[in-house]
Amino acid sequence: MSCVRAVLLAQCLPRSRAGVQNAVLPGALFSQVPPFLPRGLHCSSSPLSSVKAPVPRPPEPGKKPGEVRAPHEELFQPAPGGARDKASFALAVQNFGRHSVRKRGHVDFIYLALRKMPEFGVERDLAAYNLLLDVFPKEVFRPRSAFQRIFTHYPRQQECGVAVLEQMERHGVMPNKETEFLLLQIFGRGSHPMLKYVRMRLWLTRFQNINPFPLPHELPQDVVELATLGLRRVEPDLSARVTVYQKSLPADTTDPVDPIQPHIVGIQSPDQQDALARHNPARPLFVEGPFSL
């Protein structure tokens, strides 16, 4: 055993080390190899100085690394002078169907379209979501057996369909019968997107008119209208009436920008008006506040 070990140690020594060759005397036994030889068997015949680590070159001055564009990004680039609206968004979706007849990469395209919807102003448009669902191939992802129904059949495509419905729920868009028909054609009745659709039809219908003081999706810019909306949400009495006391500006105002006229916005319910009518004007009236809204 000691002879085999000595042979292996002698073979793996570097050639450039002459002192190791002189360690074994001619005519001596292999057991006379000095014990201070290296123990490792992983030796290399090339010197260590020849091994160079792959160091990346620094970027040249004045050049920035190019941005990697998402797939199908060019489809959402508007034409010169074109506007980003619902028509251009629908045209981009239709161009994807013409560009890829087999609809390869449709999952990446749908995720990209979901991110681009706020830029085109269609994040609350039901027809735009149905148009995105129509991108999926039909009768391909439907389960054909009980085992496919138990295990998630085409999980990536089902997650993409659920993402479309979740964005609809986030913006308060109610799915309709066309959405149900598309989901049945694409994923079948026992799929995760279809289960998400059933839950949305149940809860969104109940919560659609639960707020007695609904706010518009886009708030007005006028300060008087904003104050009116805020007071309507503060006052629990639905019969309360909002009164705006506004004072006109002097005629010598030279401000080019339309200034905001001094105003006071108040709201009173019939009970508050009756209480103030019975109050003695000679006595001061103390009102708690002000409270920030």
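See the structure shown above.
This report concerns the structure included in the present document. These numbers were taken from a predicted model, which means no experiment stands behind them.

Bringing the overall build of the protein into the picture now. Across its full length, the protein holds eleven helices and two strands. Residue burial in the protein is summarised as follows: out of 293 residues, 26% are buried. Sequence separation of 24 or more characterises 64% of the internal contacts of the protein that already satisfy a separation of 6 or more. Per element, the accessible surface of the protein, about 22,100 Å² overall, is 57% carbon and sulfur.

The next thing to look at is the pattern of salt bridges. As a working rule, side chains carrying opposite charge can pair if their charged atoms are close by. Throughout the structure, instances matching the rule amount to ten salt bridges. Where Lys196 meets Glu169, a salt bridge forms, and the shortest distance between an N and an O atom there is 2.7 Å. Of this pair, Lys196 sits in helix H9 (residues 192–207) while Glu169 sits in helix H7 (residues 155–170), and the two are 27 residues apart along the sequence. Judged by relative accessible area, Glu169 falls into the partly exposed class, the value being 35%. Of the charged contacts, one joins Glu180 and Lys177 as a salt bridge, the two residues approaching to 3.6 Å between their closest N and O atoms. With a gap of three residues between them, Glu180 and Lys177 both fall in helix H8 (residues 177–186), about one helical turn apart. Here Glu180 falls in the buried class, since its relative accessible area comes to 18%.

For the rest of this paragraph, the subject is helix H4 (residues 106–120). Between the first and last C-alpha of H4 there are 20 Å, a value that for 15 residues agrees with the 21 Å anticipated at 1.5 Å per step. Along H4, the largest kink reaches about 30° and is centred on Leu114; proline Pro118 follows within four residues of it. Buried residues of H4: His106, Val107, Phe109, Ile110, Leu112, Ala113, Leu114, Lys116, Met117 and Phe120, and no others. Against helix H3 (86–99), helix H5 (126–133) and H7 lie the buried residues of H4.

On to a nonpolar patch on the surface. A cluster of nonpolar residues, Leu202, Trp203, Phe207 and Ile210, forms a patch on the protein surface that exposes about 420 Å² of accessible area. Counting through the fold element by element, Trp203 comes out in helix H9. Given the relative accessible area of 42%, Trp203 is considered partly exposed.

Counting 36 residues, the largest nonpolar core has Phe76, Phe89, Leu114, Met117 and Phe136 as the members making the most contacts within it. In terms of residue count, H4 provides more of this core than any other element does, eight residues in total. Phe76 has contacts with Arg84, Phe89, Ala92, Phe109, Leu112, Ala113, Lys116 and Phe120, leaving out every residue within four places of it along the chain.

Between its terminal C-alpha atoms H9 stretches 22 Å, which fits the 22 Å expected from 16 residues at 1.5 Å a residue. Those residues of H9 not exposed but buried are Pro193, Met194, Lys196, Tyr197, Met200 and Leu204. Tucked inside the fold, the buried residues of H9 contact H7 and H8.

A few words now on the environment of Glu139. Examined against the element boundaries, Glu139 turns out to sit in the loop between H5 and helix H6 (146–150). Here the alpha-carbon distance between Glu139 and Phe187, two residues 48 residues apart in the chain, equals 7.5 Å. Among residues more than four places away in sequence, those in contact with Glu139 are Arg144 and Gln185. In terms of polar contacts, Glu139 uses its side chain to reach the side chain of Arg142, at 3.3 Å.

Turning to unusual backbone geometry, a few remarks are in order. Geometrically, the link from Gly289 to Pro290 is a cis peptide bond, its omega value of 0° lying close to zero. Counting through the fold element by element, Pro290 comes out in the segment after helix H11 (270–278). If you check the backbone angles, Glu139 has positive phi at about 60° while not being a glycine. Positive phi is not limited to glycine here, since Tyr154 has a value of about 55°. Examined against the element boundaries, Tyr154 turns out to sit in the loop between H6 and H7. With relative accessibility at 36%, the residue Tyr154 sits in the partly exposed group.

The rules behind each value
- Residues numbered from 1 in each chain as written.
- Predicted model: local features only at pLDDT ≥ 70, side-chain atom pairs only at ≥ 80, totals over all residues.
- Heavy atoms only, no water.
- Helix = DSSP H or I, 4+ residues; strand = E, 2+ residues; numbered from the N terminus.
- Buried < 20%, exposed > 50% of the residue type's maximum accessible area, 1.4 Å probe, protein only.
- Contact = heavy atoms within 4.5 Å.
- Areas by Shrake-Rupley, 256 points an atom, 1.4 Å probe, with all protein chains shown as cover.
- Salt bridge = Lys/Arg side-chain N within 4 Å of Asp/Glu carboxyl O.
- Expected span 1.5 Å × (residues − 1).
- Bend = angle between axes of the 7 residues up to and from the residue.
- Patch = residues over 30% accessible without salt bridge, like charges linked within 9 Å, V, L, I, M, F, W, Y side chains within 5 Å.
- Core = buried A, V, L, I, M, F, W, Y, C linked by side-chain atoms within 4.5 Å.
- Polar contact = N/O pair within 3.5 Å; in protein donor to acceptor, adjacent residues only side chain to side chain.

So yeah, pure geometry; function would need other evidence.
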